[in-house]
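As a plain string of letters, each chain reads:
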Amino acid sequence: MSENLDTYLNDHVAGSVLALELLDHLIDLPEAPDRRLLTQLRTEIQEDQDVLRQLIRSVGAKESPVRKAAAWLTEKLARAKLRVDESGSGELRMLEGLETLALGIQGKLALWRGLATLGDAVPSLKTLDLARLQARALEQFERVEQLRLHAARRSLSA
């Protein structure tokens, strides 16, 4: 396995750590628009993280605890930034949190698409349904985008 693939997969695991932490925070906010949907997204992102972790093992790599710790810390710093920027209603915090989540899901879609180009070069990929993973990422993005647009209307028009 290439060192680049190892790094790339670990970067995406770190991104999923950040996404899960962010979702935990968004779900707990009083202004959370749809806790049920956010909780479902959290479950799906955890499942996608599990796929990535299994893929890392199957290609003979190891997870990077440093990258995961950096992602955890980044989310905590982002949370503090959102708190400082907030004007009081919590709406801007929700908008920016959802926007961050939407961007992360687009990154995950790029991951699945990138892996799909490898064909037979990485035999472990044959066990993955990359088309399904891509479709799920698109669907996740659409759900988050609906929430984000609603949050934009509420936050930016106030």
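Our subject is the structure that appears above.
Residues numbered from 1 in each chain as written. Predicted model: local features only at pLDDT ≥ 70, side-chain atom pairs only at ≥ 80, totals over all residues. Heavy atoms only, no water.

Trainee: Residues and numbers for empty space enclosed by the protein, please.
Mentor: If you walk through the whole model with that rule in mind, you get one cavity of 30 Å³ or more. There is about 30 Å³ of room inside the largest cavity. If you trace the largest cavity, you find it lined by Glu31, Pro33, Glu91, Met94, His150, Ala151 and Arg154. Of all the secondary-structure elements, those providing two or more residues to the lining of the largest cavity are α4 (91-116) and α5 (130-156). Among the elements that take part in the lining of the largest cavity, α5 stands out by supplying three residues, more than any other. For the lining of the largest cavity, the residue count by class is three nonpolar, one polar and three charged. (1 Å grid on protein atoms, 1.4 Å probe; cavity = no way out; pocket = protein on both sides within 12 Å on 5 of 7 lines; lining within 4 Å. Points joined across faces, edges and corners; volume = space filled by probe spheres on them. Helix = DSSP H or I, 4+ residues; strand = E, 2+ residues; numbered from the N terminus. Nonpolar A, V, L, I, M, F, W, Y, C, P; charged D, E, K, R; others polar.)

Trainee: For the environment of Lys62, give the residues involved together with the corresponding values.
Mentor: With respect to the helices, strands and loops of the structure, Lys62 is situated in the loop between α2 (35-58) and α3 (65-85). Judged by its relative accessible area of 70%, Lys62 is exposed. Residues Lys62 and Thr7, spaced 55 residues apart in sequence, show a C-alpha to C-alpha distance of 9.8 Å. Among residues more than four places away in sequence, those in contact with Lys62 are Asp6, Asn10 and Ile56. (Buried < 20%, exposed > 50% of the residue type's maximum accessible area, 1.4 Å probe, protein only. Contact = heavy atoms within 4.5 Å.)

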